[in-house]
Amino acid sequence: MRAMLRGVNRVLLGLAGLVLVALGGSVLAIGLGAPAPSWWLHDGRDDVLLSEAERTRWRDEGWWWPVVIAALAVLVLLALWWLVAVLRRRRLAQIFVDTGDGEGAVLHGRALEHVLAEETSHLDGVEQAHVHLTGRRHAPETHVRLSLAPHVDPGTALDDLTTRAVAHARDSAGLAALPTEVRLRGVRHRAERVS
């Protein structure tokens, strides 16, 4: 679902960008004296985008202003929805832990993130670790970003992460599984001199 939203977001941004660049470039080119293309709405450099007749054509109609206001309100609501969807971080606030007595317990997601990041950052060769929990209370998922030192084998670091830190977090929370997405990145360093 998230990949689909990311794809839709990119396509909409790309289309909006192309339309704005085409229209803005055309207006700029015509304003600087270039001949108007055949598909252009107006004749030339001194022509206005909306004439007096076009601006006042439906002003006296009773349906005109409600339609304009409703269309603009829908556009504003869609833009706000899109902005919230892009900016919202789906961080998991709580995890349900089955204690075996029928009661259960709740574990704060930030606490598990902090502990997992702390244990991961102490693994050999890991310079920095960021952990983000998503999913549902009964089925959390982990997203980990690791910054690795130059000498570390990524396979070894990934194996250490899954067998130590993620396994400890999964066992301590009493989860059957803890799916984890890991992004690895090497830390930039200066070249070493060899003599």
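Located above this text is the structure these notes cover.
A brief report on the enclosed structure follows. Numbering of residues starts from 1 in every chain and runs along the sequence as written. Note on the predicted model: pLDDT of at least 70 is required for a residue's local features to be given, and 80 or more for side-chain atom pairs to be given and counted; whole-chain, interface and lining totals, by contrast, use all residues. No hydrogens and no water enter the side-chain calculation; it runs on all heavy atoms of the structure.

### Observations concerning the pairing of strand E3 (residues 126–135)
Stage number 1. Pairing between strands is defined by DSSP: at least two bridges between the two strands are required. Going along the chain from the N terminus, every DSSP run of H or I of four or more residues is numbered as a helix, and every run of E of two or more is numbered as a strand. In this sheet, strand E4 (residues 140–148) lies alongside E3 in antiparallel orientation, the contact comprising nine bridges. Note that in E4 the partner of Leu133 across the bridge is Thr142.
Stage number 2. Between the end of E3 and the start of E4, which pair antiparallel, lie four residues.

### Quick notes on the packing of aromatic side chains
Stage number 1. Paired rings are identified among Phe, Tyr and Trp, the last through its six-membered ring, by centres lying within 6.5 Å, and are further divided according to the angle between planes into stacked (under 30 degrees), edge-to-face (over 60) and tilted (the rest). For the coordinates displayed, the defined rule picks out two aromatic pairs.
Stage number 2. For the ring pair Trp63 and Trp64, a centre distance of 5.9 Å and an interplane angle of 85 degrees mean the geometry is edge-to-face.
Stage number 3. Partly exposed residues are those whose accessible area sits between 20% and 50% of the maximum for their type, while under 20% is buried and over 50% is exposed, using a 1.4 Å probe and protein chains only. Trp64 gets classed as partly exposed once you look at its relative accessible area, which sits at 22%.
Stage number 4. Between the aromatic rings of Trp64 and Trp65, the centroid separation amounts to 6.3 Å while the plane-to-plane angle is 65 degrees, which identifies the pairing as edge-to-face.

### Quick notes on the sheet that holds E4
Stage number 1. Read across the open sheet, the three strands follow the order E3-E4-E5; overall the sheet is mixed. Pairing within the sheet leaves two strands with one partner each, and these edge strands are E3 and strand E5 (180–186). Strand-to-strand twist of the sheet, defined as the mean angle between neighbouring strand axes without regard to direction, takes the value 15 degrees.
Stage number 2. Examined bridge by bridge, E4 and E5 share seven bridges and lie parallel to one another. Counted as the bridge partner of Arg145 is Arg183 from E5.
Stage number 3. Across the sheet, helix H4 (residues 109–121) touches E3 and E4, and the angle it forms with E3 is around 155 degrees. Only C-alpha atoms enter the line fits that serve as axes; for helices the fit covers just the stretch in contact. Angles between N-to-C directions range over 0 to 180 degrees. Whether two residues are in contact is decided by their heavy atoms: any pair within 4.5 Å suffices.

### Re the pattern of salt bridges
In a structure, side chains of opposite charge can pair up when their charged atoms sit close to one another.
Stage number 1. Each reported salt bridge corresponds to a side-chain nitrogen of Lys or Arg within 4 Å of a carboxyl oxygen of Asp or Glu. Enumeration over the complete set of coordinates arrives at two salt bridges.
Stage number 2. Arg170 is the partner of Asp171 in a salt bridge, and the nearest nitrogen-oxygen pair spans 3.7 Å.
Stage number 3. For Asp171, a relative accessible area of 53% translates into the label exposed.
Stage number 4. We note a salt bridge from Arg183 to Glu181, for which the minimum N-O separation is 3.2 Å.
Stage number 5. Judged by its relative accessible area of 36%, Glu181 is partly exposed.

### A few points about the side chain of Asp160
Stage number 1. Looking at the element boundaries, Asp160 is found in helix H5 (residues 154–172).
Stage number 2. Buried and unpaired, Asp160 has Arg164 as its nearest opposite-charge partner, separated by 4.2 Å.
Stage number 3. In this view, Asp160 contacts Leu123 and Ala165; residues no more than four positions away in its chain are not counted. Neither His nor the chain ends is counted toward charge; the positive residues are Lys and Arg and the negative residues Asp and Glu.

### With respect to H4
Stage number 1. A helix's residues, less one, multiplied by 1.5 Å, set its expected span. In this model, H4 (13 residues) spans 18 Å end to end at C-alpha, consistent with the 18 Å of a helix rising 1.5 Å per residue.
Stage number 2. Among the residues of H4, Gly109, Leu112, Glu113, Leu116, Ala117 and Thr120 are the ones counted as buried. Seen from one end, H4 has its buried residues packed into an arc of 130 degrees, which puts them on one side. The exposed residues of H4 that point more than 90 degrees off its buried face are Arg110 and His114.
Stage number 3. Buried residues along H4 sit in contact with strand E1 (94–97), strand E2 (105–108), E3, E4 and H5. Taken from the helix axis, the directions to the C-beta atoms give the arc we talk about.

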